[in-house]
Amino acid sequence: MRERQEASEDAVMTRIGQAVMLLHGGDREEARNRFGELWTELGEAGDAFHRCALAHYMADTQDDPGDELAWDLRALTAAAGLGEEPATGDRAGGRADGDRGDDGADDGGTGGDRGDDGGTGGDRLAEAREGVPGASSVVRAFYPSLHLNLAADYLKLQRPEAARLHLDRARDAADALGHEGDVNGVRAGIDRLERLLRGR
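Fair warning: this is a prediction, and the values are worked out from it, not measured in the lab. Starting from 1, residues in each chain are numbered consecutively following that chain's sequence as written. pLDDT decides what is reported in this predicted model: residues at 70 or higher carry local features, side-chain atom pairs at 80 or more are listed and counted, and totals for whole chains, interfaces and linings draw on all residues regardless. As a rule here, side-chain values come from all non-hydrogen atoms in the structure, and water together with hydrogens is ignored.

Caption draft 1: Just the overall build of the protein, in detail. Numbered from the N terminus, helices here are DSSP runs of H or I no shorter than four residues, and strands are runs of E no shorter than two. Each helix and strand in the protein was counted, giving eight helices and zero strands. When its helices and strands are written in sequence order, the protein yields α-α-α-α-α-α-α-α. Accessibility here uses a 1.4 Å probe with only protein chains present; expressed as a share of the type maximum, an area under 20% marks a residue as buried, one over 50% as exposed, and anything in between as partly exposed. Expressed as a percentage of its 200 residues, the buried residues of the protein come to 46%. Pairs at least 24 residues apart make up 71% of the contacts formed inside the protein by residues separated by at least 6 positions. By element, 44% of the accessible surface of the protein is carried by carbon and sulfur atoms, the whole surface being about 9400 Å². Residues count as neighbours in contact if any of their non-hydrogen atoms are within 4.5 Å of one another. Surface exposure here means Shrake-Rupley accessible area, sampled with a 1.4 Å probe, where a residue is shielded only by the protein chains that are shown.

Shown next, in the form of structure tokens:
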């Protein structure tokens with residue numbers, strides 16, 4: 001029974017990885033379609049780890065900043081289902097949802113300053129269940145990137161106070177994790193976004 005469950009989980013992550021490769025290859029529409037189909041299949045009761053990974057990547061396929069924010073919030077909420085944030089932050093689903101207010105403001109020009117994973121389908125989330133005591137430990141290490149993405153979203157929506165909140169959480173989470181907090185160069189992304197916020 002356990003082998004069947006693991007095979008099913010591997011199949012989901014394989015499908016996510018395939019869509020990620022399409023996304024990084026420039027086919028955002030097909031990636032978005034595949035993510036959407038898989039999201040529907042998983043449903044609200046689906047595995048929180050899969051929902052976190054899927055929502056994280058789905059955000060990168062969105063054309064509207066408000067939609068991008070909504071998917072990043074879903075990723076953070078799904079991560080909350082796997083355990084607590086690092087001690088420096090509130091529980092993941094807490095104030096983030098309260099900050100939402102998808103007002104669809106104009107793009108503030110932050111562009112590529114999300115904490116994106118950079119060009120390969122085999123990133124940390126895609127490999128998360130290999131050699132790790134529990135998925136929650138990996139998602140915990142991913143909180144800096146989740147908050148960095150939200151900070152970038154809020155800056156695009158011209159909401160600098162919310163952006164500052166999540167940027168501070170991203171930095172605190174990265175610092176709490178030490179050398180493991182620099183997943184895919186997330187510290188460099190934090191520094192870039194910090195400069196943009198100060199420039200405003």
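Next comes the rest of the description.
Caption draft 2: Structural view of the packing of helix α2 (residues 28-42) against helix α3 (residues 48-59). Between α2 and α3, the least distance of the axes is 10 Å, while the angle of their chain directions is 155°. Regarding the angle of α2 to α3, the classification is roughly antiparallel. Remark: the crossing between α2 and α3 carries left-handed chirality. Residues Arg32, Phe35, Gly36, Leu38, Trp39 and Leu42 of α2 form the contact with α3, whose own contacting residues are His50, Arg51, Leu54, Ala55, Tyr57 and Met58. Taken together, the residues of the contact of α2 with α3 break down into eight nonpolar, two polar and two charged. Axis definition: a line fitted to C-alpha atoms, limited for helices to the stretch in contact. Angles are taken between N-to-C directions and run from 0 to 180 degrees. Roughly parallel covers angles under 35 degrees, roughly antiparallel covers those over 145, roughly perpendicular covers 65 to 115, and oblique covers all other angles. Crossings are assigned a handedness: left-handed for a near helix turned anticlockwise from the far helix by less than a right angle, right-handed for a clockwise turn. Only Asp, Glu, Lys and Arg are considered charged, only Ala, Val, Leu, Ile, Met, Phe, Trp, Tyr, Cys and Pro nonpolar, and every remaining residue, Gly among them, polar.

Caption draft 3: Spotlight on the packing of aromatic side chains. Aromatic rings from Phe, Tyr and Trp, taking only the six-membered ring of Trp, are treated as a pair when their centres fall within 6.5 Å; an angle between ring planes under 30 degrees marks them as stacked, one over 60 as edge-to-face, and anything in between as tilted. Per the stated rule, a full pass over the model turns up two aromatic pairs. Taking 6.4 Å as the distance between ring centres and 15° as the angle between the ring planes, the aromatic pair formed by Phe35 and Tyr57 counts as stacked. Of this pair, Phe35 sits in helix α2 while Tyr57 sits in helix α3, placing them 22 residues apart in sequence. The buried category is assigned to Phe35, whose relative accessible area is 1%. Taking 4.9 Å as the distance between ring centres and 80° as the angle between the ring planes, the aromatic pair formed by Trp39 and Trp71 counts as edge-to-face. You can see Trp39 sitting in helix α2 and its partner Trp71 sitting in helix α4 (residues 65-80), a full 32 residues away along the chain.

Caption draft 4: Main features of α4. A rise of 1.5 Å per residue sets the reference length of α4, with its 16 residues, at 22 Å; its end C-alpha atoms lie 23 Å apart and thus fit the reference within 8%. Of all 16 residues in α4, 13 are buried, a share of seventy percent or more. Put simply, Asp64 is the residue that caps the front of α4, since its side-chain oxygen is 2.8 Å from the backbone nitrogen of Gly66. A helix's residues, less one, multiplied by 1.5 Å, set its expected span. N or O atoms closer than or at 3.5 Å make up a polar contact, with two conditions inside protein: a donor-capable atom paired with an acceptor-capable one, and, for residues adjacent in sequence, both atoms drawn from side chains.

Caption draft 5: Structural view of the environment of Leu54. Looking at the element boundaries, Leu54 is found in helix α3. Judged by its relative accessible area of 0%, Leu54 falls in the buried class. Taking C-alpha positions, Leu54 is 9.3 Å from Val20, a pair spaced 34 residues apart along the chain. Not counting the four nearest positions on each side in its chain, Leu54 is found in contact with Ile16, Phe35, Leu38, Trp39 and Leu42.

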